[in-house]
Amino acid sequence: MGPRVKVIFFDLGETLVTQNIEDNMVTKQALKEITRILPQRPRENLFKIYRRGYRINHSLRSRHHVEIPVETWMRQLLRKALERNPEDRLVNKAIKIIVKTRAANAVAFKDAKPTLEKLSKRGTKLAVISNVSSHDVAVQILKNVGLRKYFDQVITSAQTGIRKPDPGIFLYALLQFGLKPSQAVHVGDSEEHDVRGAKTAGIKTVLISSRTSSAETIADYHFRNLAEAANLLQSL
């Protein structure tokens, strides 16, 4: 008889990978490159325009757990910068710059690959569930850091329109494998997005955090890093 847990879901950012520079610096790099391809110099710095839009969009995303895809906010950004509707070709070029820059600055945690290697040999299905406005960013990050080969599915809020902690994205992930919540476990670093979201969907949870004590979390299991969690994940 096979293992009771048939699939292990992983969060991406700050669970498997991190950025090697501060997030705003990554955005500034990308927007500086985008400025160079604009047909005219904008009256205002792109990053300032972006930050205003981000505050509004982030509020909507956080409050209602819906994703605003990169194409939507990029078109909005360029429209404000150019004071007219941008051409589709320009929007697509700008998105490619965002994908390239964000993926280029991601690095895997040193225990991510060894942990995934062990689990893949066990035969359990593995998948990523990530809050990200561009599905391509998540996929490219995984490719760049050498982790894509371990995952049967990459499920993102950009793809589903639903953000963690809404249980909908977890239930969608289960549907991709034809499994019940009791046959899955979710691993992540966020008490709110990963632990509470997955638990609401009926999925067992593993919190990876050195900042939280076991007494402070409702996760089923808690470890400081993936290396510590590896043995448990293999035994489920």
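This text goes with the structure placed above it.
Residues numbered from 1 in each chain as written. Predicted model: local features only at pLDDT ≥ 70, side-chain atom pairs only at ≥ 80, totals over all residues. Heavy atoms only, no water.

## Re helix α9 (residues 191-200)
Then step 1. What α9 keeps buried is the set Glu191, Asp194, Val195, Gly197 and Ala198.
Then step 2. Those residues of α9 that are buried lie in contact with α8 (167-177), β6 (184-188) and β7 (204-208). (Buried < 20%, exposed > 50% of the residue type's maximum accessible area, 1.4 Å probe, protein only. Helix = DSSP H or I, 4+ residues; strand = E, 2+ residues; numbered from the N terminus. Contact = heavy atoms within 4.5 Å.)

## A closer look at helix α5 (residues 112-122)
Then step 1. For α5, the full list of buried residues reads Ala112, Thr115, Leu116 and Leu119. Relative to the axis of α5, the buried residues are bounded by an arc of 95° and lie together on one face.
Then step 2. Buried-residue contacts for α5 involve β1 (7-10), β4 (125-130) and α10 (226-235).
Then step 3. At the C-terminal side of α5, glycine 123 shows a positive phi close to 95°. (Arc of directions from axis to C-beta.)

## Quick notes on the packing of aromatic side chains
Then step 1. Applying the stated criterion across every chain, the model contains 5 aromatic pairs.
Then step 2. With a centroid separation of 6.3 Å and an interplanar angle of 55°, the aromatic rings of phenylalanine 9 and phenylalanine 177 are classed as tilted. One end of the pair, phenylalanine 9, is in strand β1; the other, phenylalanine 177, is in helix α8, with 168 residues separating them in the sequence.
Then step 3. What links up through ring pairs into an aromatic cluster is the set Phe47, Tyr50, Tyr54 and Trp73.
Then step 4. A cation over a ring is seen here: lysine 28 above phenylalanine 47, with NZ or CZ 5.0 Å from the ring centre. (Phe/Tyr/Trp six-rings, centres within 6.5 Å; stacked < 30°, edge-to-face > 60°. Lys NZ or Arg CZ within 6 Å of the ring centre and 35° of its normal.)

## Observations regarding the pattern of salt bridges
Pairing between side chains becomes possible if they bear opposite charge and their charged atoms approach one another.
Then step 1. One pass over the structure, following the stated rule, counts 15 salt bridges.
Then step 2. Close ionic contact of aspartate 23 with arginine 102 constitutes a salt bridge, the shortest N to O distance being 3.0 Å. Here aspartate 23 is found in helix α1 (residues 23-35), whereas its partner arginine 102 is found in helix α4 (residues 88-104), with 79 residues between them in sequence.
Then step 3. Between glutamate 192 and arginine 196 there is a salt bridge, with its nearest N and O atoms 4.0 Å apart. Remark: arginine 196 and glutamate 192 occur in helix α9; sequence separation between them is 4 residues, near one turn of the helix. (Salt bridge = Lys/Arg side-chain N within 4 Å of Asp/Glu carboxyl O.)

## Brief notes about the environment of glutamine 19
Then step 1. If you trace the backbone, glutamine 19 turns up in strand β2 (residues 17-19).
Then step 2. Distance in space between the C-alpha atoms of glutamine 19 and phenylalanine 109 is 10 Å, their sequence separation being 90 residues.
Then step 3. Not counting the four nearest positions on each side in its chain, glutamine 19 is found in contact with Glu14, Val26, Arg102, Asn105 and Ala106.

## Describing the sheet that holds β6
Then step 1. Read from one edge of the open sheet, 6 strands run β5-β4-β1-β6-β7-β8, paired in parallel fashion. The sheet terminates laterally at β5 (153-156) and β8 (221-223), the two strands that pair on one side only. When strand polarity is set aside, the average angle formed by the axes of neighbouring strands in this sheet is 20°.
Then step 2. Bridge analysis of β7 against β8 gives 3 bridges, and the strand direction is parallel. Within the sheet, the bridge partner assigned to valine 206 lies in β8 and is tyrosine 221. (Pairing = 2+ DSSP bridges. Axes fitted to C-alpha atoms, helices over the stretch in contact; angles between N-to-C directions.)

## Let's talk about the pairing of β6
Then step 1. Of all 5 residues in β6, 5 are buried; the element is thus mostly enclosed.
Then step 2. Side-chain alternation along β6 places Ala184, His186 and Gly188 on one buried face and Val185 and Val187 on a second face that is also buried.
Then step 3. Bridging between β1 and β6 involves 4 bridges; their strand directions are parallel. Paired with phenylalanine 10 across the bridge in β6 is valine 187.
Then step 4. The β-α-β motif built from β6, the intervening α9 and the parallel element β7 has right-handed crossover chirality. (Right-handed = clockwise from strand over helix to strand, strands pointing away.)

## Overview of unusual backbone geometry
Then step 1. Cis geometry is adopted by the peptide bond preceding proline 165, which originates at lysine 164 and carries an omega value of 15°.
Then step 2. Mapped onto the fold, proline 165 is located in the loop between α7 (157-160) and α8.
Then step 3. The residue glutamate 14 is not glycine, and still its phi comes out positive at about 70°.
Then step 4. Looking at the secondary structure, you find glutamate 14 in the loop between β1 and β2.
Then step 5. The exposure class assigned to glutamate 14 is partly exposed, which follows from its relative accessible area of 40%.
Then step 6. The backbone phi angle of histidine 65 is positive, close to 60°, even though this residue is not glycine.
Then step 7. Positionally, histidine 65 belongs in the loop between α2 (46-64) and α3 (70-82).
Then step 8. On the accessibility criterion, histidine 65 (23% relative accessible area) is partly exposed.

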